[in-house]
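As a plain string of letters, each chain reads:
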Amino acid sequence: MIVGLMSVECIIYDAHSLKEKRAVLQRIMTRLKQKFNISISEVGYQDTWQRTKIAVVTVASARVSAEVVLQQTQQFIDSFPEIERTITDIEWL
């Protein structure tokens, strides 16, 4: 069993309040949960309007399967024009 943990820092340029930021994040995180078998949460910059850090966790029987899910998750995040992924770190547990 392998656990993949990906932390992603992003910029949300069009957010002018925490309410706007959370609306964008909630929509993206809900779609990620529906599309992939992952756990996701905002873990940093929670009081900053245009910046966020989210953590994505997946569990698989093989590392290759977990890598595929995390890569697809990155691509899906990149498909949203309102958010820009800046720093991505992956850890294996």
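Look up: the structure comes first, before these words.
Right, let's walk through the structure included here. Being a predicted model, the structure only gives us computed values, none of them experimental.

1. Section: the pattern of salt bridges
For the structure shown, the criterion picks out five salt bridges. The partner of Glu42 in a salt bridge is Lys21, and the shortest N-O contact between them spans 2.9 Å. Placement of the pair is Glu42 in strand β2 (residues 39-44) and Lys21 in helix α1 (residues 18-35), with a sequence separation of 21 residues. Residue class for Glu42 comes out buried when judged on its relative accessible area of 14%. Taking the relative accessible area as the measure of exposure, Lys21 reaches 0% and is therefore buried. We note a salt bridge from Arg63 to Glu67, for which the minimum N-O separation is 3.0 Å. Taken together, the residues Arg63 and Glu67, both in helix α2 (residues 63-78) and four residues apart, mark about one turn of the helix. Judged by its relative accessible area of 43%, Arg63 is partly exposed. A residue is classified by how much of its surface remains accessible, and Glu67, at 28% relative accessible area, is partly exposed.

2. Focus: α1
Compared with the 26 Å implied by 1.5 Å per residue over 18 residues, the 26 Å span of α1 between its first and last C-alpha is a close match. Buried residues of α1: Lys21, Val24, Leu25, Ile28, Met29 and Leu32, and no others. Looking down the long axis of α1, one finds its buried residues gathered within 120° of arc, a one-sided arrangement. With respect to the buried face of α1, the exposed residues turned more than 90 degrees away are Lys19 and Gln34.

3. Looking at the packing of α1 against α2
At a closest axis distance of 11 Å, the pairing of α1 and α2 adopts a crossing angle of 145°. The hand of the α1/α2 crossing is right-handed. Contact with α1, carried on its side by Arg31, Leu32 and Lys35, involves Thr73, Phe76 and Ile77 of α2 and no other residues of that element. In terms of residue class, the contact of α1 with α2 is made up of three nonpolar, one polar and two charged.

4. Details of the nonpolar core
Counting 20 residues, the largest nonpolar core has Leu32, Ile40, Ile54 and Ile83 as its most contacted members. Of all the secondary-structure elements, those providing two or more residues to this core are β1 (2-11), α1, β3 (51-60) and α2. If you tally residues by element for this core, the top one is α1, at five residues. Apart from residues no more than four positions distant in its own chain, Ile40 is found in contact with Met29, Leu32, Lys33, Ile54, Ala55 and Val56.

What counts, and at which threshold
Numbering of residues starts from 1 in every chain and runs along the sequence as written. Reporting of local features is limited, given that this is a predicted model, to residues whose pLDDT is at least 70; pairs of side-chain atoms are given and counted only at 80 or more, and all residues count toward the totals for whole chains, interfaces and linings. Excluded from the side-chain calculations are hydrogens and water; all other atoms, namely the structure's heavy atoms, are used. Salt bridges, as used here, are contacts in which a Lys or Arg side-chain nitrogen is within 4 Å of a carboxyl oxygen on Asp or Glu. Numbering of helices and strands runs from the N terminus; a helix is a DSSP stretch of H or I covering at least four residues, while a strand is a stretch of E covering at least two. Accessible area is worked out with a 1.4 Å probe on protein chains only. A residue is then buried under 20% of its type maximum, exposed over 50%, and partly exposed in between. A helix's residues, less one, multiplied by 1.5 Å, set its expected span. The directions from the helix axis to the C-beta atoms are what the arc is built from. Lines fitted to the C-alpha atoms define the axes, with helices restricted to the stretch that makes contact. Angles between their N-to-C directions range from 0 to 180 degrees. By definition, turning the near helix anticlockwise from the far helix through less than a right angle yields a left-handed crossing, and turning it clockwise yields a right-handed one. Whether two residues are in contact is decided by their heavy atoms: any pair within 4.5 Å suffices. Ten residues, namely Ala, Val, Leu, Ile, Met, Phe, Trp, Tyr, Cys and Pro, are considered nonpolar, four, namely Asp, Glu, Lys and Arg, are considered charged, and the remaining ones, Gly among them, are considered polar. The term nonpolar core refers to a set of buried residues drawn from Ala, Val, Leu, Ile, Met, Phe, Trp, Tyr and Cys, joined through side-chain atoms within 4.5 Å.

Everything listed is a geometric property; what it means functionally is a separate question.
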